[in-house]
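Chain residues, written in single-letter form:
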Number of protein chains: 2
Amino acid sequence: MKKVSVQNYSMQSKLELKNGEILISPNIAYETWGNLNADLSNAILITTGLSPSSHAASNEHDSQKGWWEKLIGPNKAIDTNQFFVICANSLGSCFGSTGPSSINPKTNQPYKLLFPKLSIEDIASSLIRLTNHLGIKQLHTIVGPSMGGMTALSIVKQSPEIAKQMILISTSTSSRPFSIALRSLQRKMITSDPAWKNGDYDLADLPLEGMRLARFLGMVTYRSPEEWNQRFGRELIENIATNASLFDNTFQVEDYLHNRSDDFIKNFDPNSYLYLSRAIDLFDVMDESNSLPEEFKQTTLKKIKIIGVNSDYIFPFECQKELNEKFLLSGIESELIKLQSIQGHDSFLVDDLNFGKAIFKFLQ
Amino acid sequence: MKKVSVQNYSMQSKLELKNGEILISPNIAYETWGNLNADLSNAILITTGLSPSSHAASNEHDSQKGWWEKLIGPNKAIDTNQFFVICANSLGSCFGSTGPSSINPKTNQPYKLLFPKLSIEDIASSLIRLTNHLGIKQLHTIVGPSMGGMTALSIVKQSPEIAKQMILISTSTSSRPFSIALRSLQRKMITSDPAWKNGDYDLADLPLEGMRLARFLGMVTYRSPEEWNQRFGRELIENIATNASLFDNTFQVEDYLHNRSDDFIKNFDPNSYLYLSRAIDLFDVMDESNSLPEEFKQTTLKKIKIIGVNSDYIFPFECQKELNEKFLLSGIESELIKLQSIQGHDSFLVDDLNFGKAIFKFLQ
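Residues numbered from 1 in each chain as written. Chains lettered and ligands numbered in written order. Predicted model: local features only at pLDDT ≥ 70, side-chain atom pairs only at ≥ 80, totals over all residues.

K.L.:
Which residues make up the relation of the copies chain B and chain A, and what values go with them?
P.N.:
Mapping chain B onto chain A is achieved by rotating through 180° and translating by 0.0 Å along the same axis, at an RMSD of 0.0 Å. Both copies of the chain, as the preceding transformation shows, are related through a two-fold rotation axis. In this assembly the copies share their binding face: 100% of the residues contributing to the interface of chain B also contribute to that of chain A. (Least-squares fit on C-alpha atoms with pLDDT ≥ 70 in both. Contact = placed C-beta atoms within 7 Å.)

Written out as structure tokens, the structure reads:
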């Protein structure tokens, strides 16, 4: 029998959100790997992108591979012989942490669109609470890829002494209009699916068509044209049905992108997707002063590593360059690395060789 | 009263299509500018991208601006004092030429999905017929942007002596998988709109939501991230409704892309869009021999100019580079130019300064 590896931090008090609303006793689902040392100095917090659960890697309770399986474990880049690693499902998501599909204690029904406006700052503050709950005064390192990089920035901004180090991967101080436009379109694909029913969909009749379209767009734009060239070229699928229409999948690339999304769309709550997607658009770490040095003037962060990818056009390399320049202006030791990967924004999920090397080097 | 400038070439005989089916007496809607000279040597044929009508420029019969208004006219880059310019609505489209919304003579109903499988080669052969119909033995130049570049290639391949010169703009020998994937997704947006009704939609109840999503994706990807940065940055729209949901348009970029599509989606036949979009995917000018020199060994083309744009990722510059290299191997005088425009694939529609200069220089 599979043991459950997910732990739950059910807050005993309310969580006040950035927009002033509150969540009563929200839950944060998290997993850990390795052991916390005696002086509590070896904890690494991993903040996730939009879609992952807390299951970043397999462990003794759950042998299923995690979303960062190749990077987390004994003797891996994030070495669980050495570090106590924490990964939580983001607030607003749907894999155990409180989100739009959770029960609203006021109504005893799922929140759906009554879930308050969610911001990256709220995900961050819930993780600061979790860190305190685990008795950790200062994290060794926060590692934040993609949306998780924004969360990491917000954690340190809100709690300037919470970490000694930070690794920011394929992220930005704020989203640029091209990626806002793509996410806006993904949301419209979902909200224009009649099954979405203004967020009040039946769990037995999810807006799967809209979710499938949104995931297709995500997959095609999170990677790079060069990767699709190398993997599929203009190859046709085999066994095209004799009654196939001109518009049915014909090329391997369209078939892959259309059918690969099954797992995601059946497991990810559409409203969670909408809330998290919008939170990414709205985040701007410099929203108070328009100055990164000003926003981070109280931090005790010692060292930052910023990793970007040449082929990423969701958070293009210029975004990481900007982060590095502004942290250097803040007087923080910041190091920038540009990886040559063909997998675009998703490189951190698949190019474990390049990312593993860069992360390992920084942590040692 | 507005005079009608569109002329109709209604074929007196059937048109045999690439897939073996036939169209009985199809119509090609076209417009002309300037005068054909005595020795019939000054005709320029413009082959269009997916969406335009034949109305490339205003003229004495129709003062409405055309889609290439700034490039076609007296003393403009394509100088109508000097040239007789022809532009036709592509076969399969919906602005006068026969397409899925035309009446099927067999049923006296619109073809809809009974329209035969359309290929770029069919658009090309209908334009060869039109050229003959106009009494022109040899065109001075064919100018083909985007899908029109593929049409131009096919025209010369099918009728090797039909033109002295060719200008290919932001096009390719065949589509690459990234753009196939984007078009596949656009088609799915339309076909998954319940109002599409398997192609049998009511003209009073078009699949407008699907068309709007498809156009949004087109607009965001036909341009470049740099352009969206410069035009909109992270500016919010003014006057956000007090009852607006978190997912309503908030940023100017999403509002623009969502609302800018109105004209297009109300005027373009969804089935035409599907047929033309798929035809672009399927085209491969080297489909017979896998060799451009082999496919064009009989051509009497004297000179080719190939124009690409640095920021185009629908037909990236590598595609134009490949065309140039292969035409040079064919022993044809071919010249390649890379324009620095921030408007991506759509640059030829908006960057009239750069394009005007390049086209003018070649034609003189």
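K.L.:
Which residues make up the packing of helix α4 (residues 208–222) of chain A against helix α3 (residues 177–191) of chain B, and what values go with them?
P.N.:
Put simply, α4 of chain A and α3 of chain B touch, their axes get as near as 10 Å, and they point 170° apart. What the angle tells us is that α4 of chain A and α3 of chain B run roughly antiparallel. Residues Leu-213, Phe-216, Leu-217 and Val-220 of chain A of α4 of chain A touch α3 of chain B, and the partners they reach there are Phe-178, Ala-181, Leu-182, Leu-185, Lys-188 and Met-189 of chain B. Residue composition of the contact of α4 of chain A with α3 of chain B, grouped by class: nine nonpolar, no polar and one charged. (Axes fitted to C-alpha atoms, helices over the stretch in contact; angles between N-to-C directions. Helix = DSSP H or I, 4+ residues; strand = E, 2+ residues; numbered from the N terminus. Parallel < 35°, antiparallel > 145°, perpendicular 65-115°, else oblique. Nonpolar A, V, L, I, M, F, W, Y, C, P; charged D, E, K, R; others polar.)

K.L.:
Run through helix α2 (residues 147–158) of chain B, naming residues and quoting values.
P.N.:
Owing to its 3.6 residues per turn, the α-helix brings residues three or four apart onto one side. Taking 1.5 Å of rise per residue, 12 residues should cover 16 Å, and α2 of chain B covers 17 Å from first to last C-alpha, within 8% of that figure. Counting buried residues in α2 of chain B gives 10 out of 12 residues, a clear majority hidden from the surface. (Expected span 1.5 Å × (residues − 1). Buried ≥ 20, exposed ≤ 12 C-beta atoms within 10 Å, placed from the backbone.)

K.L.:
So, the nonpolar core: which residues are in play, and what are the values?
P.N.:
The biggest cluster of nonpolar side chains holds 197 residues, and the ones touching the most others in it are Val-85 of chain A together with Val-85 of chain B. The two domains that each donate at least three residues to this core are domain 1 (7–175 + 285–363) and domain 2 (179–276) of chain B. Ignoring sequence-local partners within four residues, the contact set of Val-85 of chain A consists of Thr-32, Trp-33, Gly-34, Ile-44, Ile-46, Ile-72, Ile-78 and Thr-80 of chain A. (Core = buried A, V, L, I, M, F, W, Y, C linked by C-beta atoms within 7 Å. Domains from an automatic or database assignment.)

K.L.:
Which residues make up the interface of chain B and chain A, and what values do they have?
P.N.:
At the interface, 38 residues of chain B touch 38 residues of chain A. Looking at the side of chain B that touches chain A, the elements with two or more residues in it are α3, α4 (208–222), α5 (225–232), α6 (252–259) and α8 (270–282) of chain B. Looking at the side of chain B that touches chain A element by element, the count peaks at 11 residues for α3 of chain B. Residue composition of the side of chain B that touches chain A, by class: 23 nonpolar, six polar and nine charged.

K.L.:
How would you summarise the sheet that holds strand β8 (residues 84–88) of chain A if you had to cite specific residues and measurements?
P.N.:
All names here are of chain A. With mixed pairing, the eight strands of this open sheet are ordered in space as β1-β4-β8-β5-β11-β12-β13-β14. For this open sheet the edge positions go to β1 (7–10) and β14 (333–339), each flanked by a neighbour on one side alone. Across the sheet, the mean angle separating the axes of adjacent strands is 20° when strand polarity is ignored. Here strand β4 (residues 27–33) pairs with β8 via four bridges, running antiparallel. Directly across from Thr-32, in β8, lies its bridge partner Ile-86. Against the sheet, helix α2 (residues 147–158) contacts β11 (139–145) and β12 (163–169), and its axis sits at roughly 145° relative to β11. (Pairing = 2+ DSSP bridges.)

Honestly, it's all geometry; don't read function into it.
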